[in-house]
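# Results of the structural survey
Residues per chain, in single letters:
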Amino acid sequence: MEARAVAPALLVVALSVGISHVSTWFAVAVLVGGILFGLLLGYMPKKHFSTAAEAADATRQQWDYIIVGGGTAGCLLANRLTSTKGNNTRVLVLEAGSNDYNHPMVRIPAGVLKLFQGDKDWNFTSVNETKTSGRGIYLCRGKVLGGSSALNVALYTRGDKHDYDAWETEFGCVGWGAKDVLPLFMRTEDDRTGHAVKTPRHHGIGGEWPVEHVRYQNPLSKLFLQACKQAGLPMNDDFNDWSRKQEGAGRFPVSSHRGVRVHAASALLAPALADSKRQLRVLTGALVRKIILDKNAAKGVQFAADGVVHIARLAPDGEVLLAGGAVHSPQILMLSGIGPKEQLEQNGIEVLQDLAGVGENLQDHPAAVVSFECPNNKRGISVTSKIRIPGTTLPHPAPVLEWLLQKTGPLCSTGCDHGGFFRTSANPADCSSPDLQMRFLAARAVTADGMGSFTKFRDMTDHPDGFSFQSIAVRPKSRGRVLLASSDPDAKPLIETNYLSAEQDFATIREGIRLGRKLAQQPAFKDFLGPEVFPGTHVQSDKELDAYISDSAHTANAIVGTCRMGPAGDSKTVVDPNMRVVGMTGLRVCDASIMPKLPGGQSGACTVMIAERAAEIVLQSRCK
């Protein structure tokens, strides 16, 4: 009998043993132990990193494509480039992180609480921030096959059509308008919300990426939607329908299949690896040191695995496809001698191609929260109370059992799947799109820093009930950059988010906090509204709110833009609309770093779309 089949049986045994004991707490302990043991037995991981011998074996042949990064974009590229019937294309994927993408805390959406700042997270902290009270900003990036799609909050929103039309009209990215990219979104999507039936022009069915609504609604989340109606806000039951405005409140669709997280490794890479006919090799624990260049042509990749440095070489007419994400792709280009001349020379790197835009144009979603505590007579209403045994850090057996057996309940949610997009007074009158995204959380914040609440909650034994509104500058104006710390590939790059350097971002978040307060005062929350915990009722004026935002601003995890796509002749262009690095041959960047401007939604869906476009372009080029 397979281990996965044994796990439910173990749970039944644990339940019966627990019930048979007189002591309630002993019964609970036995039950929780049985559940956790069942989970672990059902999860039988292989080794997490490739060996030096496996890496050496991969260097004994030449590759048509070397994909640098096994994250969101890299997994899709690996699938598509090896999927054509009769295709003999040889593809090598180099991923610095582990292959532990099937870990229970990855599969369980609520497991994200355990993933932040863990071994599957690069755990970056930004530097040189001037508008965040001197604080560095914690930035989560996935260090595992599947990349950040395995660690994010799984929301599947694309932005609106104006975002992509602007790529084409304002940034010269021909072929990237809304009409061009919509079919690419739909190609991968397998809509399970019902929207594909109602609006088939904007949703796909049958792709590898299931999208559904969370199979759980906390009572407070339902009250949020009622409060939005009472406040006169519009409702929106489909944020990805581009025939209508994005504005409104509703349920965010999520990357999930029957309550299990969907990410790039599970949806796209695993099926490709299971097909023995494909010539696909994946190395994990393979940190890329630089791209091997002969004059202006990519010839291979130097990487380290298991303490040994190796070189993977391209076949004639092969290509290196950089998919390391918006932090690592510019770092690897600069380590290879491609980037701003001044920065390369400062780090003792020979300048092979002076590209001023490498590392520039970083964009992310800055956020801040307003949070309320519930009265004592509403104890147990928040999602945080439902997933824990009171007074402990142990998971409550009921939701664990529900998820294991039915894939329903609070563990199906990352916690922020209700919310909306709204226009604030900070938004210019001539802007067609909302400037604010609000996420509602059926939980009281632990700290003013929302990411801090995620990471500190797991160590708390007594968490008060409450609810929070996270306000995000969803179309930010501030721009940051990625710099080299040194020429050492093992050294983390320096990330300057430059959060809140644009006054409009301050204003959007400020008005979002005020909107959250307004919603909390609606009749829907009357019986559940206790004291305002963050920022506190004493914080009212613009100046006071801005000080609070500076002290608590955090990431909503959407880092993009550092290898900007654009037209020839633009000094900040790093890649052309075919994703070819300017002045180079055999080298493309195919990930979130090419976005000229961050769409007003989560960056994950857009990154999948970019990889679809990249695969399409690469395959067309190969056929010529």
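Please refer to the structure placed before this passage.
The following refers to the structure shown.

Let's shift gears to the sheet that holds strand β9 (residues 260-261). Pairing in this open sheet of four strands is mixed, and the strands run β5-β6-β8-β9 from one edge to the other. At either end of the open sheet lies a strand with only one pairing partner, and these are β5 (189-191) and β9. Of the pairings in the sheet, the one linking strand β6 (residues 209-212) to strand β8 (residues 254-257) comprises two bridges and is antiparallel in character. The residue bridging Val 211 from the neighbouring strand is Ser 255, located in β8. Contacting β5 and β6, helix α8 (residues 178-188) runs over the sheet at an angle of about 70° to β5.

The next thing to look at is unusual backbone geometry. A cis amide bond, omega -5°, links Phe 534 with the succeeding residue Pro 535. Summarising the element assignment, Pro 535 is placed in the loop between β22 (532-534) and α18 (542-552). The residue Asn 123 is not glycine, and still its phi comes out positive at about 55°. Of note, Asn 123 is situated in the loop between α6 (112-115) and β3 (124-125). Look at Asn 123 and you get partly exposed, because its relative accessible area is 28%.

Most of strand β19 (residues 466-473) is tucked away: eight of the eight residues are buried. Side chains of β19 alternate between two faces, with Gly 466, Ser 468, Gln 470 and Ile 472 and Phe 467, Phe 469, Ser 471 and Ala 473 buried alike.

Among the residues making up helix α7 (residues 161-169), those that are buried are Asp 163, Tyr 164, Ala 166 and Trp 167. What you see down the axis of α7 is that its buried residues fit within an arc of 150°, all on one side. If you follow the buried residues of α7, they end up packed against α8 and α19 (603-623). Two to three positions downstream of the cap, the backbone nitrogen of His 162 sits 3.1 Å from a side-chain oxygen, assigning the N-cap of α7 to Asp 160.

Right, let's get into α18. Within the sequence span of α18, burial applies to Leu 545, Asp 546, Tyr 548, Ile 549, Ser 550 and Ser 552. Looking at the packing, one finds that the buried side of α18 touches β16 (366-373), α17 (503-520), β22 and β23 (554-555).

Now for the environment of Ser 413. Checked against the element boundaries, Ser 413 lands in the loop between α15 (397-406) and β17 (418-422). As a C-alpha pair, Ser 413 and Asn 218 span 195 residues in sequence and 9.7 Å in three-dimensional space. Not counting residues up to four positions away in its chain, the partners in contact with Ser 413 are Pro 109, Ala 110 and Val 214. Of note is the side chain of Ser 413, whose polar atom sits 2.4 Å from the side chain of Asp 417.

With that out of the way, let us pick up the packing of α8 against α19. Axis separation between α8 and α19 bottoms out at 9 Å; the angle between their running directions is 100°. One way to sum up the angle between α8 and α19 is to call them roughly perpendicular. Between α8, through Val 181, Leu 184, Phe 185, Arg 187 and Thr 188, and α19, the contact on the second element is made entirely by Ala 605, Cys 606, Val 608, Met 609, Glu 612, Arg 613 and Glu 616. Grouping the amino acids of the contact of α8 with α19 by side-chain chemistry returns seven nonpolar, one polar and four charged.

Here we take up the pattern of salt bridges. Any two side chains of opposite charge can pair if their charged atoms end up close together. Evaluation of the coordinates by the stated rule reveals 33 salt bridges. Linking Asp 160 and Arg 475 is a salt bridge whose minimum nitrogen-to-oxygen distance equals 3.4 Å. One end of the pair, Asp 160, is in the loop between β4 (138-139) and α7; the other, Arg 475, is in the loop between β19 and β20 (481-483), and 315 residues separate them in sequence. By relative accessible area, Asp 160 is classed as buried at 6%. Linking Arg 444 and Glu 373 is a salt bridge whose minimum nitrogen-to-oxygen distance equals 2.9 Å. Of this pair, Arg 444 sits in the loop between β18 (436-441) and α16 (450-457) while Glu 373 sits in strand β16, and the two are 71 residues apart along the sequence. Beyond isolated ion pairs, a larger network of salt bridges with shared partners links Arg 80, Arg 187, Glu 208, Glu 612, Arg 613 and Glu 616.

Let us now look at the pairing of strand β2 (residues 90-95). Counting buried positions along β2 gives five out of six residues, so the element sits mostly inside the fold. In terms of strand pairing, strand β1 (residues 62-68) meets β2 through four bridges, oriented parallel. Across the sheet, residue Ile 66 finds its bridge partner in β2, namely Leu 92. With six bridges connecting them, β2 and strand β10 (residues 279-284) associate as parallel partners. Residue pairing in the sheet places Glu 95 in a bridge with Thr 284 of β10.

What counts and how
- Residues numbered from 1 in each chain as written.
- Predicted model: local features only at pLDDT ≥ 70, side-chain atom pairs only at ≥ 80, totals over all residues.
- Heavy atoms only, no water.
- Pairing = 2+ DSSP bridges.
- Helix = DSSP H or I, 4+ residues; strand = E, 2+ residues; numbered from the N terminus.
- Contact = heavy atoms within 4.5 Å.
- Axes fitted to C-alpha atoms, helices over the stretch in contact; angles between N-to-C directions.
- Buried < 20%, exposed > 50% of the residue type's maximum accessible area, 1.4 Å probe, protein only.
- Arc of directions from axis to C-beta.
- Polar contact = N/O pair within 3.5 Å; in protein donor to acceptor, adjacent residues only side chain to side chain.
- Parallel < 35°, antiparallel > 145°, perpendicular 65-115°, else oblique.
- Nonpolar A, V, L, I, M, F, W, Y, C, P; charged D, E, K, R; others polar.
- Salt bridge = Lys/Arg side-chain N within 4 Å of Asp/Glu carboxyl O.

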